[in-house]
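Here is how the chains run, residue by residue.
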Amino acid sequence: MARHGRPGFGGVRGGAVTGFLRDGRPVLWGVGLAAVLVIPSYWALSLTLRLSDRAFFGAFIGGIFGRMSGLAVGVALVWSHEREAVVPFALAAVGSLIALTWIELIFLGRQNRGPG
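Each value, and the rule that gives it
- Residues numbered from 1 in each chain as written.
- Predicted model: local features only at pLDDT ≥ 70, side-chain atom pairs only at ≥ 80, totals over all residues.
- Heavy atoms only, no water.
- Helix = DSSP H or I, 4+ residues; strand = E, 2+ residues; numbered from the N terminus.
- Buried < 20%, exposed > 50% of the residue type's maximum accessible area, 1.4 Å probe, protein only.
- Contact = heavy atoms within 4.5 Å.
- Areas by Shrake-Rupley, 256 points an atom, 1.4 Å probe, with all protein chains shown as cover.
- Polar contact = N/O pair within 3.5 Å; in protein donor to acceptor, adjacent residues only side chain to side chain.
- Salt bridge = Lys/Arg side-chain N within 4 Å of Asp/Glu carboxyl O.
- Axes fitted to C-alpha atoms, helices over the stretch in contact; angles between N-to-C directions.
- Parallel < 35°, antiparallel > 145°, perpendicular 65-115°, else oblique.
- Nonpolar A, V, L, I, M, F, W, Y, C, P; charged D, E, K, R; others polar.
- Core = buried A, V, L, I, M, F, W, Y, C linked by side-chain atoms within 4.5 Å.

*Asks:* Talk me through the overall build of the protein chain; I want residue IDs and the actual numbers.
*Replies:* If you tally the helices and strands in the protein chain, you get four helices and zero strands. Buried residues in the protein chain amount to 28% of all 116 residues. Within the protein chain, contacts between residues separated by at least 24 positions form 64% of all contacts whose residues are at least 6 apart in sequence. Surface exposure of the protein chain reaches about 7,700 Å², of which carbon and sulfur atoms provide 70%.

*Asks:* Lay out the side chain of Thr48 in plain terms, naming residues and giving numbers.
*Replies:* Tracing the backbone through its elements, the reader meets Thr48 in helix α2 (residues 26-48). From its side chain, Thr48 meets the backbone oxygen of Ala44 in a polar contact 3.0 Å long. Every residue in contact with Thr48, bar those within four places of it in the chain, is listed here: Ala55, Phe56 and Ala59.

*Asks:* Quick one: what's the story with the pattern of salt bridges, residue by residue and with numbers?
*Replies:* When the charged atoms of two side chains lie near each other, side chains of opposite charge can form a pair. Throughout the structure, instances matching the rule amount to one salt bridge. One salt bridge in this structure joins Glu104 and Arg67, with 2.4 Å as the shortest N-O distance. In this pair, Glu104 is assigned in helix α4 (residues 86-112) and Arg67 in helix α3 (residues 53-81), connecting sequence segments 37 residues apart. You can call Glu104 buried: its relative accessible area is 4%.

*Asks:* I'd like to hear about the packing of α2 against α3, residue by residue, with values.
*Replies:* Relative orientation and spacing of two packed helices are given, respectively, by the angle between their axes and the distance between those axes. Relative to each other, α2 and α3 sit at 170 degrees, their axes nearing to 9 Å. Compared by their axis directions, α2 and α3 come out roughly antiparallel. Residues Leu33, Leu37, Val38, Ser41, Ala44, Leu45 and Thr48 of α2 pack against Ala55, Phe56, Ala59, Phe60, Gly63, Gly66, Arg67, Gly70, Leu71 and Gly74 of α3. Residue composition of the contact of α2 with α3, grouped by class: ten nonpolar, six polar and one charged.

*Asks:* Please set out the nonpolar core residue by residue, giving values where relevant.
*Replies:* In terms of nonpolar packing, the biggest core is built from six residues, these being Ala34, Leu37, Val38, Leu71, Ala93 and Leu97. Apart from the residues within four sequence positions on either side, Leu97 is in contact with Ala34, Leu37, Val38, Arg67, Met68 and Leu71.

Dropping the structure here:
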């Protein structure tokens, strides 16, 4: 018997996403989504760091829009499969996005320093 008194895996019929959410892992999914959203943004910012201000600003704003769009899609998927998991998922995703963005800014600051 699985946690919460539910028999079995908890959603094999409904797909892998519902299985993991019903198994009590929305926080893990939120942190994972945040990592998947921050890594391409950091990569784009680090590539455009030494280019023009316009290119860097475009990568910065594009990264923000990408993160918010990805967060909206993630919340919509969780909402459609299991509504009671939306709050822990969204809190974990937003908190992780904030924490990973601070880490990203620290690394960009170190990368921006010239030699010497």
